[in-house]
Amino acid sequence: MRRILTVITAIALLAACNKDKTAPLQPVDISVALQLSGEQNSLEIPYKGAKVTIINQTNNSKYTDSITVTNTNMVKFQQVIPGTYHITAELRVSAADYEKVTGQKVSGTVIFSGTLTATAVASSNALLVELRTGGGTDGWVFKQIYYAGSNVKDGASFRDQFIELYNNSDQVLYADSLYFAQIAGVNTALSKIDYNKGWYMTATGQYDWSKMPGNAVPNANIDFIYASAIFRIPGTGSTYPVEPGKSLIIAATAINHKIPFVDNGGTEVSVRNPDLTVDLSRAEFDVYMGDFPGKTPLSSDLKTTVTKLVVIANVNRDLIP
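Residues numbered from 1 in each chain as written. Predicted model: local features only at pLDDT ≥ 70, side-chain atom pairs only at ≥ 80, totals over all residues. Heavy atoms only, no water.

## Looking at the sheet that holds strand β17 (residues 285–286)
Using the following cut-off: At least two bridges found by DSSP between two strands is the condition for calling them paired. Helix and strand assignments come from DSSP, with helices taken as H or I runs of at least 4 residues and strands as E runs of at least 2, each series counted from the N terminus.
As summarised here, the arrangement of the 5 strands in space is β8-β9-β14-β17-β18, forming an open sheet in which the pairing is mixed. Sheet topology places β8 (140–146) and β18 (307–308) at the edges, where each strand pairs with a single neighbour. The pairing of β8 with strand β9 (residues 162–167) spans 6 bridges and is antiparallel. Across the sheet, residue Val141 finds its bridge partner in β9, namely Tyr166.

Shown next as structure tokens:
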């Protein structure tokens, strides 16, 4: 009798094991809500047209959907395979719509993007993706601002200026639609400023922005900063990934400044001591002012084949940090 019971028990256990092994995964629903990050969340930008993609990290199953109405910030993926998903979202806002909401003029489409990695194993999963211009700016730092240029007599003067942006985070960041600006200010020594002109602050020697024509804000010198140049990196939201601990270079002119070149006037230009300057021919971006309305580029501002920054505003004739 004991032998019969043992056999019956073994069969029951085997059946249970087989049942567990063949039990199918139950599909789940995933709702992805979008939200502009930080202070931008107060902007009344509609999410219509936003595109959301989720990719299962185990089997690479990919699902994509878009927001097609104006009164929601959410997309829903129904009956998908449970697991860990990498989620990317992108919202493209036209220059006209962006100006309508913010009052700021921009050149070209403004791209908000964001990513999230999350596990979805419950029957219903609600996830939130924060959108930022440039795909997130918390990890970006200026690693180098090569503003002085090389030796005026024996080097490349100021034409070899560049900026290095560094990914200081622990994740891939996308430089697409990342803006940076050069701040307007007074560089004159305090002892040489003519305060009788009335537009300087006596305490600091800087401009008194409260005296701007048409100014209507109470704290113009405290609550705002003022730019003399604004630039934007182009891209579609995921065109320019930068790995953690890596950088990208933005050159005034992306050429090898150690060797001779022919300037815009047809003159060959060389340096006396190549060791004093740098090779910027491998820079990811450069600035060209020849296509900007009302600007005549410097003779050294060549139209290279390197990807150009979008120039929003610039009082100078090149990238001059």
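Moving on from the coordinates now.
## Things to note about the nonpolar core
Spelled out, the test is: The set of buried Ala, Val, Leu, Ile, Met, Phe, Trp, Tyr and Cys residues whose side-chain atoms join them within 4.5 Å is what this entry labels a nonpolar core. Three exposure classes are used, based on accessible area relative to the maximum for each residue type with a 1.4 Å probe and protein chains only: buried under 20%, partly exposed in between, and exposed over 50%.
In this structure, Ile30, Val32, Leu34, Val52, Phe112 and Leu131 are the most contacted members of the largest nonpolar core, which totals 28 residues. Counting residues in each nonpolar core, the second largest holds 20 residues, with Leu165, Leu173, Ala229 and Phe285 among its members.

## Section: the sheet that holds strand β19 (residues 310–314)
Remark on secondary structure: sheet strands pair via backbone hydrogen bonds, oriented parallel or antiparallel. Here is the rule: As a rule, the C-alpha atoms of each element are fitted with a line to give its axis, helices using only the stretch in contact, and angles between N-to-C directions run from 0 to 180 degrees.
In space, the 3 strands of this open sheet follow the order β11-β12-β19, with antiparallel pairing throughout. Each end of this open sheet is capped by a strand with a single partner; those strands are β11 (179–183) and β19. Taken over all neighbouring pairs, the strand axes of this sheet differ in orientation by 10° on average, direction set aside.

## Observations concerning the packing of aromatic side chains
Inclusion rule: Side-chain rings of Phe, Tyr and Trp, where Trp is taken by its six-membered ring, are said to pair if the distance between their centres is within 6.5 Å; with planes under 30 degrees apart they count as stacked, over 60 as edge-to-face, and otherwise as tilted.
All told, the structure shown has 11 aromatic pairs when counted by the stated rule. Aromatic side chains Phe142 and Phe180 sit 6.3 Å apart centroid to centroid with 80° between the ring planes, which places their arrangement in the edge-to-face category. Taken as a pair, Phe142 in strand β8 and Phe180 in strand β11 lie far apart in primary sequence, 38 residues in all. Linked through ring pairs, Tyr195, Trp199, Tyr200, Tyr207, Trp209 and Tyr226 together constitute an aromatic cluster.

## A closer look at the pairing of strand β2 (residues 51–56)
Regular strands place their side chains on alternate faces of the sheet. Pairing geometry for β2 and strand β3 (residues 62–66), over 5 bridges, is antiparallel. Across the sheet, the residue bridging to Ile54 is Tyr63, located in β3. Counted between consecutive antiparallel strands, the loop separating β2 from β3 contains 5 residues, among which Asn60 sits at a positive phi close to 65°. Sheet topology places β2 next to strand β5 (residues 83–93); 6 bridges connect them, and they run antiparallel. Pairing of Asn56 across the sheet is with Tyr85, part of β5.

## Observations regarding the layout of surface pockets
Quick note on the threshold: The pocket and cavity definitions rest on a 1 Å grid over protein atoms only: a 1.4 Å probe that fits but cannot leave marks a cavity, an open set with protein on both sides within 12 Å along at least five of seven lines marks a pocket, and residues lining either have an atom within 4 Å of a point. Grid points are joined across faces, edges and corners, and a volume is the space filled by probe spheres set on the points. Ten residue types, Ala, Val, Leu, Ile, Met, Phe, Trp, Tyr, Cys and Pro, are classed as nonpolar, four, Asp, Glu, Lys and Arg, as charged, and the remainder, Gly among them, as polar.
Empty space within the largest pocket amounts to approximately 880 Å³. Contributing elements (two or more residues each) for the lining of the largest pocket: β7 (124–133), β11 and β12 (227–232). At 4 residues, the largest contribution of residues to the lining of the largest pocket is made by β11. Of the residues assigned to the lining of the largest pocket, the class counts are 12 nonpolar, 7 polar and 3 charged.

## Quick notes on unusual backbone geometry
Look at Gln79: it is not a glycine, yet its phi comes out positive at around 55°. Counting through the fold element by element, Gln79 comes out in strand β4 (residues 74–80). With a relative accessible area of 53%, Gln79 lands in the exposed category. Although it is not a glycine, Ser157 adopts a positive phi angle of roughly 55°. Here Ser157 lies in the loop between β8 and β9.

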